[in-house]
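# Remarks on the overall topology
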Amino acid sequence: MIKELVEVIARALVDNPDEVTVNQVDHDDEITIELRVAPGDMGRVIGRQGRIAKAIRAVVKAASAKIDKRVTVEIVE
């Protein structure tokens, strides 16, 4: 659910949506979402002063309230 949400948001932001990959790593009480985009799209996903990345993390935090697990989003190069 959360993985698909991050993927939809990222694909809407970038120029190369086919190069967006999202991996979900489950731990005991935490989920890590790893977002990878094309190098040219990295700035679009992060945004000026990290505003887009913060917004993505805020949406994910709100969505994760239903599953009672801590969810972190990492933008991986």
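Residues numbered from 1 in each chain as written. Predicted model: local features only at pLDDT ≥ 70, side-chain atom pairs only at ≥ 80, totals over all residues. Heavy atoms only, no water.

### Section: the overall build of the protein
Within the protein, the secondary structure is distributed over three helices and three strands. When the helices and strands of the protein are placed in sequence order, the string is α-β-β-α-α-β. In terms of overall dimensions, the protein is globule-like: its C-alpha atoms have a radius of gyration of 12 Å, near the 11 Å expected for 77 residues. Counting only C-alpha atoms and orienting by the principal axes, one finds that the protein spans roughly 35 × 20 × 20 Å. (Helix = DSSP H or I, 4+ residues; strand = E, 2+ residues; numbered from the N terminus. Rg over C-alpha atoms; globule rule 2.2 N^0.38 Å.)

### With respect to the nonpolar core
Judged by nonpolar contacts, the single largest core of 17 residues is most densely connected at Val20, Ile33, Leu35, Val37 and Val60. Within the residue set of this core, elements represented by two or more residues are helix 1 (2–13), strand 2 (30–36), helix 2 (42–46), helix 3 (51–64) and strand 3 (70–76). Once residues lying within four places of it in the same chain are set aside, the contact partners of isoleucine 33 are Ile2, Lys3, Val6, Val22, Asn23, Gln24, Val71, Thr72, Val73 and Glu74. (Core = buried A, V, L, I, M, F, W, Y, C linked by side-chain atoms within 4.5 Å. Buried < 20%, exposed > 50% of the residue type's maximum accessible area, 1.4 Å probe, protein only. Contact = heavy atoms within 4.5 Å.)

### Focus: the sheet that holds strand 3
Working definition: the strands of a sheet are paired by backbone hydrogen bonds and lie parallel or antiparallel to each other. One open sheet holds the three strands; their spatial order is 1-2-3, and the pairing between them is mixed. Every interior strand has two partners, whereas the edge strands, strand 1 (21–26) and strand 3, have only one. Recorded for the sheet is a direction-independent mean angle of 20° between the axes of neighbouring strands. Contacts from helix 1 reach strand 1, strand 2 and strand 3 within the one sheet, and its direction differs from that of strand 2 by about 25°. (Pairing = 2+ DSSP bridges. Axes fitted to C-alpha atoms, helices over the stretch in contact; angles between N-to-C directions.)

### Some thoughts on helix 1
The end-to-end C-alpha distance of helix 1 is 17 Å, a good match for the 16 Å that 12 residues give at a rise of 1.5 Å each. By the burial criterion, the buried members of helix 1 are Ile2, Val6 and Ala10. For helix 1, the arc enclosing every buried residue in end-on projection is 65°, short of the 170-degree limit, so these residues lie on one face. Seen from the buried face of helix 1, the exposed residues on the opposite side, beyond 90 degrees, are Val8 and Ala12. Considering only its buried residues, helix 1 is in contact with strand 1, strand 2, helix 3 and strand 3. (Expected span 1.5 Å × (residues − 1). Arc of directions from axis to C-beta.)

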